Amino acid sequence: MARHKVEIRTEGRTGQVLIDGYDIAGAVTGLTFSAGVNQAVPTLHLDLRLIDVIDLGSVEAVVLLGQGAAEALKRLGWTPPEGELV
């Protein structure tokens, strides 16, 4: 798993979630940070503002990601499909 530099800053009711220097706070709805004595590297679990569909059946659809979510996924290693505008 890739490692990333993480900074979490709070300023009252707002804040920043920086992954490798890029603020993805606009796409984050929640997070959990954990570290343990026998854990070599801390873990950050991010909840992102994405549409969640449980069961839609088999359909073809255009999937649109908000700019914040798309940028967050790219920073974490996701590669958009070739030729897609994201």
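Above this text is the structure in question.
Residues numbered from 1 in each chain as written. Predicted model: local features only at pLDDT ≥ 70, side-chain atom pairs only at ≥ 80, totals over all residues. Heavy atoms only, no water.

A. The arrangement of the pattern of salt bridges in detail. Applying the stated criterion to the full structure yields three salt bridges. Between E7 and R9 there is a salt bridge, with the nearest N and O atoms lying 2.6 Å from each other. Looking at R9, the relative accessible area reads 40%, which means it is partly exposed. Shared partners join several salt bridges into a network, and the residues in it are K5, E7 and R9. (Salt bridge = Lys/Arg side-chain N within 4 Å of Asp/Glu carboxyl O. Buried < 20%, exposed > 50% of the residue type's maximum accessible area, 1.4 Å probe, protein only.)

B. Just the environment of G77, in detail. Take G77: it is sitting in the segment after α1 (67-75). Distance from G77 to A2, taken between C-alpha atoms, is 7.9 Å for residues 75 residues apart in sequence. (Helix = DSSP H or I, 4+ residues; strand = E, 2+ residues; numbered from the N terminus.)

C. Seen up close, the sheet that holds strand β1 (residues 6-11). If you trace the three strands from one edge of the open sheet to the other, you get β1-β2-β3, paired in antiparallel fashion. Only two strands of the sheet have a single partner each, and these edge strands are β1 and β3 (22-23). With two bridges connecting them, strand β2 (residues 14-19) and β3 associate as antiparallel partners. When the bridges of β3 are listed, I19 appears paired with Y22. (Pairing = 2+ DSSP bridges.)

D. Spotlight on the nonpolar core. Within the largest apolar cluster, nine residues are counted, these being V17, I19, I24, A27, V28, L46, L48, A69 and A72. Listing elements by their share of this core, those giving two or more residues are β2, β5 (43-48) and α1. When residues no more than four places from it in sequence are discounted, the contact partners of V17 are E7, Y22, D23, I24, A25, V28, L31 and L46. (Core = buried A, V, L, I, M, F, W, Y, C linked by side-chain atoms within 4.5 Å. Contact = heavy atoms within 4.5 Å.)

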